[in-house]
Amino acid sequence: MPALIRKWKFPFLMLGPFMILIFLFFFLPVILIAVLAFTGMDSSMQWTFNGLENFKHLVSDPNLGVILKNTCLYVFFTLLINVFFGLILGILTTYFIQKESIGLLFRTLWMLPRISPPVVYVLLWLWFFDPSQYGVLNSFRAFLHVPPEKWLASNPMTAVILANGLVGASYGMIIFSSAIKSIPGELIQAARVDGAFHWAMIQDIIIPAVRWPLMFVTLWQLLSLLTSYDYILLLTNGGPLYSSEVLALYSYHKAFENFQYGYGSALAFILVGIALVMTTILWKIFGMNKLMGSSRIE
């Protein structure tokens, strides 16, 4: 027994502080949300347990259908841009652009919106979609003698998807670029000597080499998109008339604008359940157990 304690003493000593932080900032909020979801807490801040009343209200909520539809559209199309456009950027800046300094410069420029404050990033998009003739898109329309368009009012979900998709693609670009650069150069040179064209190189060498990063980025971005709402809040605030409202933003509005903390927590608790289900499904589809298991080669 003392030998076993000595064996695990150092790992616990090293991982202990991080496990405490993970519990405080990840697991404890989920526990609090789960408890609040069964209360009728409002602006009075009273822990009044009301059983399943919040979940019964979910069924009768007239806005929930539209919000779930918006959430599905937002997550699906933004995830496509985050993953596949990020992969395209990674291939362009590592495989097609052979000079490292140029590729590094391009990746750095593309990362600037990611490291900028969300308010600054959204201000650029507000200028891009500005309904007056001084907006970027409407400037082109004015050049063609076409009246200005109220883009955020007529196409709010498209604007939300583009704004979130392009900034999120930078994360995938960095991950995929690192994975592509780790491919042995001899393998690339041998394929070129054999006469492989660009598409064959991408399909038969690059894509298999980035399979693990591709799965990781898909899972990570899926969970991030399900719970993110900051860019939507700043860009459209879910409007007009819930046309760009997603479940995470709806939970925020109910809890911190309408002071329905219990109902907002129930919405967030449902969101946690959806995230767990989607993670399990993708885990099975991607075969993560096989990738994480020990090699069969002795």
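Residues numbered from 1 in each chain as written. Predicted model: local features only at pLDDT ≥ 70, side-chain atom pairs only at ≥ 80, totals over all residues. Heavy atoms only, no water.

Between its terminal C-alpha atoms helix α10 (residues 198-209) stretches 15 Å, which fits the 16 Å expected from 12 residues at 1.5 Å a residue. Turning to α10, the residues buried within the fold contact α3 (64-96), α8 (156-181) and α9 (185-193). (Helix = DSSP H or I, 4+ residues; strand = E, 2+ residues; numbered from the N terminus. Expected span 1.5 Å × (residues − 1). Contact = heavy atoms within 4.5 Å.)

Residues annotated by UniProt as "transmembrane region" (unreviewed entry) correspond here to residues 12-38, 73-97, 109-128, 157-180, 201-223 and 261-286. Summarising residues 157-180: 100% helix, 0% strand, and an end-to-end C-alpha distance of 33 Å. Annotated as residues 201-223, this span is 96% helix and 0% strand, and its ends, taken at the C-alpha atoms, are 31 Å apart. (UniProt positions renumbered as here; feature names shortened; annotations may be inferred.)

Before going further, it helps to spend a moment on unusual backbone geometry. Between G239 and P240 the backbone carries a cis peptide bond, its omega angle lying at -5°. Although it is not a glycine, H145 adopts a positive phi angle of roughly 60°. Although it is not a glycine, Y242 adopts a positive phi angle of roughly 65°. Following the sequence through the fold, Y242 ends up in the loop between α12 (230-235) and α13 (247-256).

With that out of the way, let us pick up the pattern of salt bridges. The final tally for this structure, using the stated rule, is 3 salt bridges. Among the salt bridges present, the one from E53 reaches K56, with a minimum N-O distance of 3.9 Å. Here E53 and its partner K56 are both found in helix α2 (residues 53-60), 3 residues apart, which amounts to about one turn of the helix. Looking at E53, the relative accessible area reads 43%, which means it is partly exposed. Linked by salt bridges that have partners in common, E100, R107 and K181 make up one network. (Salt bridge = Lys/Arg side-chain N within 4 Å of Asp/Glu carboxyl O. Buried < 20%, exposed > 50% of the residue type's maximum accessible area, 1.4 Å probe, protein only.)

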